[in-house]
Amino acid sequence: MIAVPAPVKRLFDWKVRGVRCVEIIGVVCVAALVFSVYIAKAAAARESAEISRIEGEIRENRQRVRLLRAEATRLEQPARLEALSREIGLGPVDVKKQAVEAGLPAIAPPPVVAAPAPVAVAPAAPVAEPVAGESLH
């Protein structure tokens, strides 16, 4: 048999109301483990709920993106744009109306020079003159 040191043997033999101290320590350790597992499981459930909520938001955003892309495709249809331009009187640019780089200064409108705005001057308030014997300080 293994020789156990005396202090360890006394710890294992020490009893409180008929229950050995080592058994009490073991029960406390098991209770602490059960409590920590419960806390970890509750935290994991909260994280799982948060992940599910975020995944739902991602699905909704993907659906919105698909709808917006479909709307952009519909709005950018060449036939639709051509019909709208005809309604407001626009048409294709005539080849004779195209300009070359050298002719741009002649086409450009002259720069508008803004005249300075007139400055309104308020009339000066009358200054009260000191009465004889008074100082201004």
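Everything numeric in this text was worked out from a predicted model, so none of it was measured.

**Quick word on the overall build of the protein chain**
Thought 1: Along the backbone of the protein chain there are four helices and two strands.
Thought 2: The helix and strand sequence of the protein chain, counted from the amino end, reads α-β-β-α-α-α.
Thought 3: Per element, the accessible surface of the protein chain, about 13400 Å² overall, is 66% carbon and sulfur.

**Description of the pattern of salt bridges**
Thought 1: Summed over all chains, the structure comprises five salt bridges.
Thought 2: The network of salt bridges with common partners includes Glu50, Arg53 and Glu57.

**A look at a nonpolar patch on the surface**
Thought 1: On the surface, a nonpolar cluster with roughly 220 Å² of combined accessible area is contributed by Val19, Ile24 and Val28.
Thought 2: By the secondary structure assignment, Val19 is in strand S2 (residues 19-20).
Thought 3: Given the relative accessible area of 34%, Val19 is considered partly exposed.

**Focus: the confidence of the model for the protein chain**
Close reading of the predicted structure is inappropriate where its pLDDT is low.
Thought 1: Across the protein chain, the average pLDDT comes to 83, with 81% of residues at 70 or higher.
Thought 2: Looking across the protein chain, the model is least confident in strand S1 (residues 15-16), with a mean pLDDT of 70, and most confident in helix H2 (residues 21-75), with 95.

What counts, and at which threshold
- What you see as residue numbers is a count from 1 along each chain, following the sequence as written.
- The predicted nature of this model means local features are confined to residues of pLDDT at least 70 and side-chain atom pairs, given and counted, to a pLDDT of 80 or more, with totals for whole chains, interfaces and linings taken over all residues.
- Processing note: side-chain calculations cover all non-hydrogen atoms of the structure and skip hydrogens and water entirely.
- Elements are defined by DSSP. Helices are runs of H or I of four residues or more, strands are runs of E of two residues or more, and each kind is numbered from the N terminus.
- Residue-level accessible areas treat just the shown protein chains as cover; the underlying method is Shrake-Rupley with a 1.4 Å probe.
- The term salt bridge refers to a pairing of a side-chain nitrogen on Lys or Arg with a carboxyl oxygen on Asp or Glu at a separation within 4 Å.
- Every patch collects residues that have over 30% relative accessible area and no salt bridge, joining them within 9 Å if they carry like charges and within 5 Å if they are nonpolar side chains (Val, Leu, Ile, Met, Phe, Trp, Tyr).
- A simple rule labels every residue: compare its accessible area, found with a 1.4 Å probe on the protein chains alone, to the largest value its type can have, and call it buried under 20%, exposed over 50%, or partly exposed in between.
- A residue's pLDDT is the confidence the predictor assigns to it, expressed on a 0 to 100 scale.

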